[in-house]
Amino acid sequence: MGKTIKLISGDGEMFEVEEAVAFQSNIIKSLADEDNADDCIPLPRVDSQILSKVLEFCRKHANSPSVHTKFAAIPSELCPKHDGSAAGASSSESSSAHSETCRACYDAVMKLVQWDLEFVKVDLDLIHHLLKAANYLDIEDLMFMAVEGAANAIRGNNPEEIRKLFDLENDFTPEEEKEILKEYSWLDDPFEP
Amino acid sequence: MFTNERAIGRPVVLTFAVVDRDQFRPVSTRATGRSSPAGATEAWASESSSTISRIPNLDAGPYSVFRAAVMEPLVPKRRLCPSAVYPTASASPPRARPVVVATDHILEKLLALPDPFVSLEVSLERLLDSRLLEVEKDQLVDGAMEAGSALLEAARRSARRRASMHNCSSWPLASDLTIKVFSKLDTQSLCHAAATCSMFNKCATDPMCYENIDLTAEVPKVNNTVVSKMIQHAGKNLQSLKLGIRSNPASTTEFRPLSYSTIHPMEASGLSWSQKRPRQGRETSLLTRSCLLALSVDGSAAGTLLRRLHLYNIDKMDTSALCTALSACQFLLDVEVVGLHVELRRTLDAVGANCHHLERLIFESSDSGRDDSLNSSTCIEMVNGCPNLMSLALRGFKLHDHKIRILIKGFHHLKIVDFSTSYAITGTFLRNFGSGTNACPLEVLILHDCLHLKEVEVSQALSAMLAGDFKFLRYLDISNKDGLSAENDWNYRCYNPCKTLISHVQKQRPEICLLAKFPPEGSLMDIFGDSELSSGTSFGPYFTDSSENSYSSDQGSGNEDVPDLNFPFDLDHELEFV
């Protein structure tokens, strides 16, 4: 049972979590380091509902390597989610060699990815809050997944559908509209904005 | 109401102004003597020689009169951009402020009109009647039109401003987070988002969104301008560029052993077959040979960090243009060139000379079997120039065994190799790898539909596998719609080659996924009519059973069986090779 950190949400609720969980957030980590005496960290900009979701995510990721930002380590041949799009110059790292040969590691990572994808299959509002919280608390993996979740909502929709989804209004001038139609006339399914 | 205003004593300036459209200056006005104090008149007078007239008999009454077409002298001549704040009264000099206030009242009255369409028309007609001169009537009507369109424009601008503000409150993320989200979108979704509203449009111009540009489409619509623009947007962020025509953008020509081990092999290479069909007569790409120029400009700013370049069926691309582009992209890791009319040797020379970090190269000919330009020196230079190569596919070219051997022995990290639909390659390159330091490093070997692949070589390789060689091998595909070539004459085919060896390997090396699908014995094969027919569609009847190797069970040992039939190998004239 490691050391615990106390966090106080914007609406005054207290959450006590293990260090490993809380330290996924770089902000919390640096605050804890500075503030030795006071082990209660206030987070005024995150309310309790969001904070509990965030901590749920962190708990799941507490003892795994950062799978998303280091996705480059998993070679394209083995990763069904990223078809080589994450392959960077580091694709010949030793971690890639390991996950290539170690089936158990690969399975564990894939399971985590699946869990994450389910985690962000929530309504848009929550995704936005998670995104802002991840940004504020500087949690890499959550940031990655929340961004992915928001992108998922936008993907595959034409402009009118996107507007409906996010309650946006068309504020282009007629000239701009013409420009846009012209500019995107090459799309596979051209739209009428 | 006018009466009240006058009662307060505020100077009311009733201006009847005819406006010169371009100048936005009052051109001629006539002054009223009655209500305007000297100051106001002077204000106007100093702007222009303007006088103000009061229209008799239209002062009061239940229907307020819109008499004034007031043009603030300081309305700018240039068009306002929608997001700009409309110049408020504070923008005008103090002495014009009374005019602005009057405008507010006038506008309010106007908007309060219970039945504007009727009342305005009626009033306008009455005003016209009161004018004596034709030129005055013309000016009146013109003025009304000016005023009307000015009001319409102002209202539209306000509506857009309000829409923008609404969007700011609807969308909860700041632009930096929005850009992060957009950077995950595929190119098409990004364009859709950019067309949604001005806020998204602005975010979508950030270079971060253009890291992975995928402009492939089923129908050619993209032209050079679109490509250049996007590359410019990306600037130094460009990591991946995919261009051209693909029949199914979702499928890739990339090999995935884990997911394809139980799937029909056609699916892995199905795309390449359909692309092999000659595209003459089809709508050709709008992309020309210069479509990649944007990579080379500015000292190859964009090309420098490009990691992945995939080009599909760009008709007009030629070898020099491609080589120029390759020379601009020195850090490429992943290159796919499919269906382009480029020469293998020169392209590989360019690759070997420039792309020293290359890890994956897929090269598929647009012209099955005709390109035999590859020579040994190019192979040697490739091996030296691209030491990190892990995955190599050369499909549809004329490849000779000794050259292949140079490649396989030379690339120390080579794991995946695909020479499907190659001509001339017989399999001798697989000999004598041994199991020591000389061991064959390949994990994946695909020799699908290699016309000249000899049964005897395959047998030898399979025997070596049984003896423990090819210890890294996990996937082997020697399927062939024409069976394998007999020893001395490739016109003679073996349709049930290496049957026992294959089953032995399957038993003793279960980690190897072995695909060896050959046409069932005795079926008439009419597939050599012309190259059009040698496309994927002819595979259908032969490979119905995808889980088992489809050998006809009434064959004997199979190896020595050389069918009597001498099929007309009418595969164009590529096969002068002996």
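Please read all numbers here as calculations on a predicted model, not as lab measurements. (Residues numbered from 1 in each chain as written. Chains lettered and ligands numbered in written order. Predicted model: local features only at pLDDT ≥ 70, side-chain atom pairs only at ≥ 80, totals over all residues. Heavy atoms only, no water.)

**Observations regarding the packing of helix α6 (residues 124-137) of chain A against helix α7 (residues 140-154) of chain A**
Each pair of packed helices can be summarised by the angle the axes make with each other and by the distance between the axes.
Residues and elements named next belong to chain A.
Line of reasoning, step 1. At a closest axis distance of 9 Å, the pairing of α6 and α7 adopts a crossing angle of 150°. Between α6 and α7, the angle falls in the class roughly antiparallel. The element α6 and its partner α7 pack so that their crossing is left-handed. Only L142, M143, A146, V147, G149, A150 and A153 of α7 make contact with α6, whose side of the interface consists of L124, I127, L130, L131, A134 and N135.
Line of reasoning, step 2. Looking at the contact of α6 with α7 residue by residue, the classes come out as 11 nonpolar, two polar and no charged. (Axes fitted to C-alpha atoms, helices over the stretch in contact; angles between N-to-C directions. Helix = DSSP H or I, 4+ residues; strand = E, 2+ residues; numbered from the N terminus. Parallel < 35°, antiparallel > 145°, perpendicular 65-115°, else oblique. Left-handed = near helix turned anticlockwise from the far one by under 90°. Contact = heavy atoms within 4.5 Å. Nonpolar A, V, L, I, M, F, W, Y, C, P; charged D, E, K, R; others polar.)

**Remarks on the environment of N384 of chain B**
Residue and element names in this part refer to chain B.
Line of reasoning, step 1. Looking at the element boundaries, N384 is found in helix α15 (residues 376-385).
Line of reasoning, step 2. What makes N384 exposed here is its relative accessible area of 57%.
Line of reasoning, step 3. Sequence separation between N384 and A353 is 31 residues, and the spatial gap between their C-alpha atoms is 9.1 Å. (Buried < 20%, exposed > 50% of the residue type's maximum accessible area, 1.4 Å probe, protein only.)

**Some points on the environment of L451 of chain B**
Line of reasoning, step 1. Mapped onto the secondary structure, L451 of chain B falls in the loop between β10 (444-446) and α17 (455-466).
Line of reasoning, step 2. Residue class for L451 of chain B comes out buried when judged on its relative accessible area of 4%.

**A look at the packing of aromatic side chains**
For any pair of aromatic rings, geometry is given as the distance between the ring centres together with the angle between the planes.
Line of reasoning, step 1. Within this structure, the stated rule accounts for nine aromatic pairs over all chains.
Line of reasoning, step 2. For the ring pair F57 of chain A and F119 of chain A, a centre distance of 5.3 Å and an interplane angle of 50° mean the geometry is tilted. Here F119 of chain A lies in helix α5 (residues 103-119) and F57 of chain A lies in helix α3 (residues 48-61), a separation of 62 residues in the sequence.
Line of reasoning, step 3. Ring centres of W115 of chain A and F119 of chain A lie 5.1 Å apart, and the angle between their planes is 20°; on these two criteria the pair is classed as stacked. Placement of the pair is W115 of chain A and F119 of chain A together in helix α5, with a separation of four residues, close to one helical turn.
Line of reasoning, step 4. Taking the relative accessible area as the measure of exposure, W115 of chain A reaches 24% and is therefore partly exposed.
Line of reasoning, step 5. Within the aromatic cluster, the residues linked to one another by ring pairs are F166 of chain A together with W171, F182 and F200 of chain B.
Line of reasoning, step 6. Sitting over the face of the ring of F144 of chain A, K184 of chain B holds its NZ or CZ atom 3.8 Å from the ring centroid.
Line of reasoning, step 7. The positively charged end of R405 of chain B is found above the aromatic ring belonging to F433 of chain B, 4.5 Å away from the centroid. (Phe/Tyr/Trp six-rings, centres within 6.5 Å; stacked < 30°, edge-to-face > 60°. Lys NZ or Arg CZ within 6 Å of the ring centre and 35° of its normal.)

**Points about the nonpolar core**
Line of reasoning, step 1. L7 of chain A together with F182, L243, L292, F419 and L462 of chain B are the most contacted members of the largest nonpolar core, which has 156 residues in total.
Line of reasoning, step 2. Counting residues per element, this core draws most heavily on α7 of chain A, which supplies 10 residues.
Line of reasoning, step 3. With residues near it in sequence (within four places) discarded, L462 of chain B still touches L476, C498, L501, I502, V505 and L514 of chain B.
Line of reasoning, step 4. Counting six residues, the second-largest nonpolar core is a separate cluster that includes I416, Y475, C513 and L515 of chain B. (Core = buried A, V, L, I, M, F, W, Y, C linked by side-chain atoms within 4.5 Å.)

**Side note on the confidence of the model for chain A**
Line of reasoning, step 1. In the predicted model, chain A carries a mean pLDDT of 75, and 70% of its residues have values of at least 70.
Line of reasoning, step 2. Across residues 69-101 of chain A, confidence stays below pLDDT 50; counting only partners more than four residues off in sequence or on other chains, it has 53 contacts. (pLDDT = per-residue confidence, 0-100.)

**Describing the sheet that holds strand β3 (residues 40-42) of chain A**
Residue and element names in this part refer to chain A.
Line of reasoning, step 1. Spatial strand order, β2-β1-β3: three strands in an open sheet with mixed pairing. At either end of the open sheet lies a strand with only one pairing partner, and these are β2 (14-18) and β3. Ignoring strand direction, the axes of neighbouring strands in this sheet form an average angle of 30°.
Line of reasoning, step 2. Alignment of strand β1 (residues 4-8) against β3, held across three bridges, turns out to be parallel. Bridge pairing in β3 places I8 opposite P42.
Line of reasoning, step 3. Where α3 meets the sheet, its contacts fall on β1 and β2, and the angle it forms with β2 comes to roughly 5°. (Pairing = 2+ DSSP bridges.)

**With respect to the packing of α3 of chain A against α7 of chain A**
All names here are of chain A.
Line of reasoning, step 1. Between α3 and α7, whose axes approach to 10 Å, the crossing angle comes to 115°. Crossing of α3 over α7 shows right-handed handedness. Only D141, L142 and M145 of α7 make contact with α3, whose side of the interface consists of V54, F57 and H61.

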